[in-house]
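# Fold and contact review
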Amino acid sequence: NAGVTQTPKFQVLKTGQSMTLQCAQDMNHEYMSWYRQDPGMGLRLIHYSVGAGITDQGEVPNGYNVSRSTTEDFPLRLLSAAPSQTSVYFCASSYGGHWTNEQFFGPGTRLTVL
Amino acid sequence: GIQVEQSPPDLILQEGANSTLRCNFSDSVNNLQWFHQNPWGQLINLFYIPSGTKQNGRLSATTVATERYSLLYISSSQTTDSGVYFCAVELTGANSKLTFGKGITLSVRP
């Protein structure tokens, strides 16, 4: 199993550009989520999904969109990038009865917005 | 919202030493997890431990939910233990989410 994969590993955008961060998992996990990590801070939840077709907002959802058309994929879209979105983005998946069960993380995407 | 405080913020150890990392939280929780982020940024789940004690090799964790704290013990530390250790908690109740502490940076020197 590849586990949780994320692409790209690194990305530089200009203010106002849009892009999609890809996340996929091959563990048949129901639950997936996106976090951002900023220097000196823990992770903050952006959006999460409890199954295909079902998504919900986390702590810092503004400026981001998600969709979940399949169990395997959970892309994160930046609609109009801003310098405040410079961060490292992690995708996670989990199984079991609740979406906050044991989290398996992808390797992260380091995004810089100029 | 729930407060999650980790201490100490930074820790330097000589290889072979033991250490205790602490996580305090301000409300009742359903769920507590410890993670290790290695120097390359990869996050690994160490323990899912809402209560009680678990051990995995040189690492063990104890959560005392009634007193609102969790401890992560590292014995006979190795340089590969270096990195940042996070605890994350889920508040009891509906529509909950994982709230992460700011992490403890551990450096193990050879």
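This is a predicted model, so every value here is computed, not measured.

Here the focus is the packing of aromatic side chains. The final tally for this structure, using the stated rule, is eight aromatic pairs over all chains. Relative to phenylalanine 35 of chain B, the ring of phenylalanine 105 of chain A lies with its centre 5.4 Å away and its plane at 80°, an arrangement referred to as edge-to-face. In this pair, phenylalanine 105 of chain A is assigned in strand β10 (residues 104-105) and phenylalanine 35 of chain B in strand β4 (residues 29-37), connecting two distinct chains. Accessibility assignment for this pair places phenylalanine 105 of chain A and phenylalanine 35 of chain B in one class, buried.

All right, on to the sheet that holds strand β3 (residues 19-25) of chain B then. Residues and elements named next belong to chain B. Taken together, five strands build an open sheet; the order of strands is β1-β3-β8-β7-β6 and the sheet is antiparallel. Among the strands making up the open sheet, the edge pair consists of β1 (4-7) and β6 (52-56). Here the strands of the sheet are splayed against their neighbours by 15° on average, with no regard to which way each runs.

Here the structure, examined in full by the defined rule, presents two disulfides over all chains. The disulfide partner of cysteine 23 of chain A is cysteine 91 of chain A, and the S-S distance across this bridge is 1.9 Å. When the S-S torsion is -70°, as for the bridge of cysteine 23 of chain A with cysteine 91 of chain A, the disulfide is left-handed. Remark: cysteine 91 of chain A occurs in strand β9 (residues 87-94) and cysteine 23 of chain A occurs in strand β3 (residues 19-25); sequence separation between them is 68 residues. Across a sulfur-sulfur distance of 2.0 Å, cysteine 23 of chain B and cysteine 87 of chain B are joined as a disulfide pair. With the S-S dihedral at roughly 70°, the linkage between cysteine 23 of chain B and cysteine 87 of chain B falls on the right-handed side. Separated by 64 residues along the polypeptide, cysteine 23 of chain B in strand β3 and cysteine 87 of chain B in strand β9 (residues 83-91) bring together distant segments of the chain. Cysteine 87 of chain B matches cysteine 23 of chain B in its accessibility class, with the two residues each being buried.

Looking now at the environment of threonine 15 of chain A. Turning to its location among the elements, threonine 15 of chain A is positioned in the loop between β2 (10-13) and β3. Apart from the residues lying within four places of it in its own chain, the contact partners of threonine 15 of chain A are Ala81, Pro83, Val113 and Leu114 of chain A.

Looking now at the sheet that holds strand β1 (residues 4-7) of chain A. Residue and element names in this part refer to chain A. Read across the sheet, four strands follow the order β1-β3-β8-β7 without closing on themselves; strand pairing throughout is antiparallel. In this open sheet, the two strands that pair with only one neighbour each are β1 and β7 (64-66). Within this sheet the neighbouring strands show an average axis-to-axis angle of 20°, counted without direction. Direction of pairing for β1 relative to β3: antiparallel, over a ladder of four bridges. Bridged to threonine 5 within β3 is alanine 24.

Calculation criteria
- Residues numbered from 1 in each chain as written.
- Chains lettered and ligands numbered in written order.
- Predicted model: local features only at pLDDT ≥ 70, side-chain atom pairs only at ≥ 80, totals over all residues.
- Heavy atoms only, no water.
- Phe/Tyr/Trp six-rings, centres within 6.5 Å; stacked < 30°, edge-to-face > 60°.
- Helix = DSSP H or I, 4+ residues; strand = E, 2+ residues; numbered from the N terminus.
- Buried < 20%, exposed > 50% of the residue type's maximum accessible area, 1.4 Å probe, protein only.
- Pairing = 2+ DSSP bridges.
- Axes fitted to C-alpha atoms, helices over the stretch in contact; angles between N-to-C directions.
- Disulfide = S-S within 2.5 Å.
- Contact = heavy atoms within 4.5 Å.

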